[in-house]
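Report on the structure
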Amino acid sequence: MAFCSKVGNLLRQSAPQSRQVPVASMLNYIRSMSSSKLFIGGLSYGVDDQSLRDAFASFGDVVEARVITDRDTGRSRGFGFVNFSTDESASSALSAMDGQDLNGRNIRVSYANDRPSGPRSPGGGYGDDSRRGGW
């Protein structure tokens, strides 16, 4: 991602001021050109790792296909990831499969975003505990 930031800065500096091109769209295009990992959303609860792999295998060598499951129940969370060996395979899979039916549901396919490194905040969704009173 740092590479994309540097390229974006260079493009911003070198672009003529009279022709403004949205920088965000340029960065997304550059990022998508070098990504072989796809996010697959809207999966049916019946889709497992193997059926996800099978659905995308016709586009190229699938390195990994993983349906994300709830750690407590083991049930699918309705999304997953597919890693291809080449960027070209990922690109053709994205173009062909986005919005298509898989096990009765229209799936959404997009390039996966890198997860930010560092400590994750504790779950719960109740906000910052430092503002709450103690017991």
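Right, let's walk through the structure included here. (Residues numbered from 1 in each chain as written. Predicted model: local features only at pLDDT ≥ 70, side-chain atom pairs only at ≥ 80, totals over all residues. Heavy atoms only, no water.)

Another point: helix 3 (residues 49–56). Buried within helix 3 we find L52, A55 and F56. One side of helix 3 holds all its buried residues, which, seen down the axis, span an arc of 90°. On its buried side, helix 3 packs onto strand 1 (37–41), strand 2 (62–69), strand 3 (76–84), helix 4 (87–97), strand 4 (101–102) and strand 6 (108–111). (Buried < 20%, exposed > 50% of the residue type's maximum accessible area, 1.4 Å probe, protein only. Helix = DSSP H or I, 4+ residues; strand = E, 2+ residues; numbered from the N terminus. Arc of directions from axis to C-beta. Contact = heavy atoms within 4.5 Å.)

Two measures describe an aromatic ring pair: the distance that separates the ring centres and the angle between the ring planes. On inspection of all chains with the given rule, the structure shows 4 aromatic pairs. Centre to centre, the rings of F39 and F81 are 5.8 Å apart; their planes meet at 65°, and the pair counts as edge-to-face. You can see F39 sitting in strand 1 and its partner F81 sitting in strand 3, a full 42 residues away along the chain. Judged by relative accessible area, which is 24%, F39 ranks as partly exposed. (Phe/Tyr/Trp six-rings, centres within 6.5 Å; stacked < 30°, edge-to-face > 60°.)

The nonpolar side chains of soluble globular proteins are, as a tendency, buried together. Core analysis: the largest hydrophobic core is formed by 20 residues, its most contacted members being L38, I40, L52 and F56. Looking at this core, the elements with two or more residues in it are strand 1, helix 3, strand 2, strand 3, helix 4 and strand 6. Among the elements that make up this core, the one with the highest residue count is helix 4 (4 residues). Every residue in contact with L52, bar those within four places of it in the chain, is listed here: I40, L43, V47, A65, R66, V67, F81, V82 and L102. (Core = buried A, V, L, I, M, F, W, Y, C linked by side-chain atoms within 4.5 Å.)

Negative phi values dominate among residues other than glycine, just as trans dominates among peptide bonds. The phi torsion at N103 lies on the positive side, around 55°, for a residue other than glycine. Positionally, N103 belongs in the loop between strand 4 and strand 5 (105–106). Overall, the relative accessible area of 48% leaves N103 in the partly exposed class.

Within helix 4, burial applies to S89, A90, A93, L94 and M97. Along the axis of helix 4, the buried positions cluster into a sector of 135°, meaning they face one direction only. Turned more than 90 degrees away from the buried face of helix 4, the exposed residues are E88 and S95. The inward-facing, buried residues of helix 4 abut strand 1, helix 3, strand 3 and strand 6. One or two residues past the end of helix 4 sits G99, with phi positive at roughly 85°.

Locating S95 in the fold gives a position in helix 4. Residues S95 and S110, 15 residues apart in the sequence, show an inter-C-alpha distance of 9.1 Å.

A few words on a negative patch on the surface. Where like charges cluster on the molecular surface, the negative patch consists of D48, D49, D54 and E64. With respect to the helices and strands, the residue D54 is situated in helix 3. (Patch = residues over 30% accessible without salt bridge, like charges linked within 9 Å, V, L, I, M, F, W, Y side chains within 5 Å. Areas by Shrake-Rupley, 256 points an atom, 1.4 Å probe, with all protein chains shown as cover. Salt bridge = Lys/Arg side-chain N within 4 Å of Asp/Glu carboxyl O. Lys, Arg positive; Asp, Glu negative; His and termini not counted. Charge placed at Lys NZ, Arg CZ, Asp CG, Glu CD.)

Spatial relationships are all this shows, so hold off on functional conclusions.
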